[in-house]
2 protein chains.
Amino acid sequence: MHAEQIAETYPVVTMDTDARQAAELLASQRLPGIIVVDKEQRPYSVLPASQVVRCLVPSYVQDDPSLARVIDESLADRVADKLTNVTVRQMLPDEPTELPVVNYDDTVLEVAAIMARLRCPLVAVVKDKEIIGAITASRLLQLAIPHS
Amino acid sequence: MHAEQIAETYPVVTMDTDARQAAELLASQRLPGIIVVDKEQRPYSVLPASQVVRCLVPSYVQDDPSLARVIDESLADRVADKLTNVTVRQMLPDEPTELPVVNYDDTVLEVAAIMARLRCPLVAVVKDKEIIGAITASRLLQLAIPHS
């Protein structure tokens, strides 16, 4: 069995995707992170949901978390302010998370070996350099334990 | 709004849970990781799905991933061998992942501040030291963007 056969569709955004749209995808599909591709649909990075949360936390609270208890402000109050006219590019961390890439014809064991070595929960599957889907660690476990 | 109101049930295992049972939970619920609690139901760590995958990758392949291409073995072939008579304790990494903990009466902004600072996708919510649920980063985004 090869990567192509077990890859699943996974939402992707580009560096120029609107920040709010990316946040909505993460929220509505309850994802821990979303794949970022470049203009040629080549996998570039992962935007973790926690990084978007980070964008919504006021900087004075990030500097002093004890302030969070005493100020009366919700995350929702920040969305319009913080995600308007902002793109995914601006939300990515300074050192973007590396997204491991496997080839469509890699075997399941090759995919597992890469995941094991890099301790990552997600790999992108590419064919002719373009992303065709993704494989999560839990998907691999589902294959390993078929009746679960 | 407080942590208690937004916490969701999240599967937990103990250090003594059977490895196969933990793997089945991860696979069937398609989780990136599962919460490990101690005997008093206090949050202890997270067992990442990628760590369970790691347990299934033969050590000679971990040492030399290029071997994965040439050997004819599936992950499923390894399950019986590797997960029988093994507990969660033995699958945890040498340096277990820290699981951030918040109190049931922490505000949403406090939870977000902790998540932002530690860049973690998941926090455990405790009341009287026992776990009552968990909050993911995507759950926080769902609250921030209510109509998504």
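Residues numbered from 1 in each chain as written. Chains lettered and ligands numbered in written order. Predicted model: local features only at pLDDT ≥ 70, side-chain atom pairs only at ≥ 80, totals over all residues. Heavy atoms only, no water.

1. Some points on the environment of B:N103
Residue and element names in this part refer to chain B. Which entries qualify depends on this criterion: Runs of H or I in DSSP of at least four residues are treated as helices and runs of E of at least two as strands, each being numbered from the N terminus. Residue contacts are defined here by distance: any two heavy atoms, one from each residue, within 4.5 Å place the two residues in contact.
Looking at the secondary structure, you find N103 in strand β4 (residues 101-103). C-alpha separation for the pair N103 and S138, spaced 35 residues apart in sequence, amounts to 19 Å. Apart from residues lying up to four places away in sequence, N103 is in contact with A3, V125 and V126.

2. With respect to the environment of B:A113
When you line up the elements, B:A113 lands in helix α8 (residues 108-118). Along the sequence, B:A113 and B:P93 sit 20 residues apart, while their C-alpha atoms lie 27 Å from each other.

3. Some remarks on the packing of helix α8 (residues 108-118) of chain A against helix α3 (residues 49-56) of chain B
Convention followed: Working convention: axes come from line fits to C-alpha atoms, limited for helices to the stretch in contact. Angles between N-to-C directions cover 0 to 180 degrees. The cut-offs work like this: below 35 degrees is roughly parallel, past 145 is roughly antiparallel, 65 to 115 is roughly perpendicular, and the gaps in between are oblique. When the near helix sits turned anticlockwise from the far one by under a right angle, the crossing is termed left-handed; a clockwise turn instead gives a right-handed crossing. Side-chain classes are defined by residue name, with Ala, Val, Leu, Ile, Met, Phe, Trp, Tyr, Cys and Pro counting as nonpolar, Asp, Glu, Lys and Arg as charged, and the others, Gly among them, as polar.
Two numbers describe how α8(A) lies on α3(B): the axes approach to 8 Å, and their chain directions differ by 120°. The orientation of α8(A) with respect to α3(B), classified from their angle, is oblique. Our pair here, α8(A) against α3(B), has a crossing hand that is left-handed. Side by side, α8(A) and α3(B) meet where A:A112, A:M115, A:A116 and A:R117 of the first sit next to B:S50, B:V53 and B:R54 of the second. A breakdown of the residues in the contact of α8(A) with α3(B) according to their chemical character gives 4 nonpolar, 1 polar and 2 charged.

4. Let's talk about the state of the cysteines
To be explicit about the condition: When the sulfur atoms of two cysteines come within 2.5 Å, that pair is taken as a disulfide.
Within the structure shown, the criterion is met by 0 disulfides over all chains. No disulfide involves A:C55; its sulfur sits 15 Å from that of B:C120, the nearest cysteine.

5. Focus: the environment of B:V46
Residue and element names in this part refer to chain B. Just so we agree on the cut-off: The buried label goes to any residue with under 20% of its type's maximum accessible area, the exposed label to any with over 50%, and the partly exposed label to all in between, with areas taken from a 1.4 Å probe on protein chains only.
With respect to the element layout, V46 can be found in strand β3 (residues 43-48). The class for V46 is buried, based on a relative accessible area of 12%. Considered as a pair, V46 and K82 are 36 residues apart in the sequence and their alpha carbons are 20 Å apart. Excluding residues within four positions of it along the chain, V46 makes contact with G33, I34, V36, L92, T97, L99 and L122.

6. Considerations on the pattern of salt bridges
Basically, it comes down to this: Any Lys or Arg side-chain nitrogen located within 4 Å of an Asp or Glu carboxyl oxygen qualifies as a salt bridge.
All chains considered together, the criterion is met by 18 salt bridges over all chains. B:R30 is paired through a salt bridge with A:E8; the nearest N and O atoms lie 2.7 Å apart. With B:R30 in the loop between α2 (19-28) and β2 (33-37) and A:E8 in the loop between α1 (3-6) and β1 (12-14), the pair connects residues from two separate chains. We classify A:E8 as partly exposed; its relative accessible area is 28%. With a closest N to O distance of 3.2 Å, A:R69 and B:D106 form a salt bridge. Taken together, the residues span two chains, with A:R69 in helix α5 (residues 67-70) and B:D106 in the loop between β4 and α8. One connected set of salt bridges, linked through shared partners, spans A:E8, A:R139 and B:R30.

7. Some remarks on the sheet that holds β1(A)
Residues and elements named next belong to chain A. To keep it simple, the criterion reads: Here the rule is simple: two strands pair whenever DSSP picks up at least two bridges between them.
With mixed pairing, the 3 strands of this open sheet are ordered in space as β1-β2-β3. With one partner strand each, in any of the chains shown, β1 and β3 (43-48) form the two edges of the open sheet. Ignoring strand direction, the axes of neighbouring strands in this sheet form an average angle of 40°. Two strands pair when backbone bridges link them, and β1 and strand β2 (residues 33-37) are joined in this way by 3 bridges, in the parallel orientation. Bridged to V13 within β2 is V36. Helix α2 (residues 19-28) rests against β1, β2 and β3 of the sheet, and its axis sits at about 140° to β2. With respect to the sheet, helix α3 (residues 49-56) is in contact with β2 and β3, its orientation differing from that of β3 by roughly 55°.

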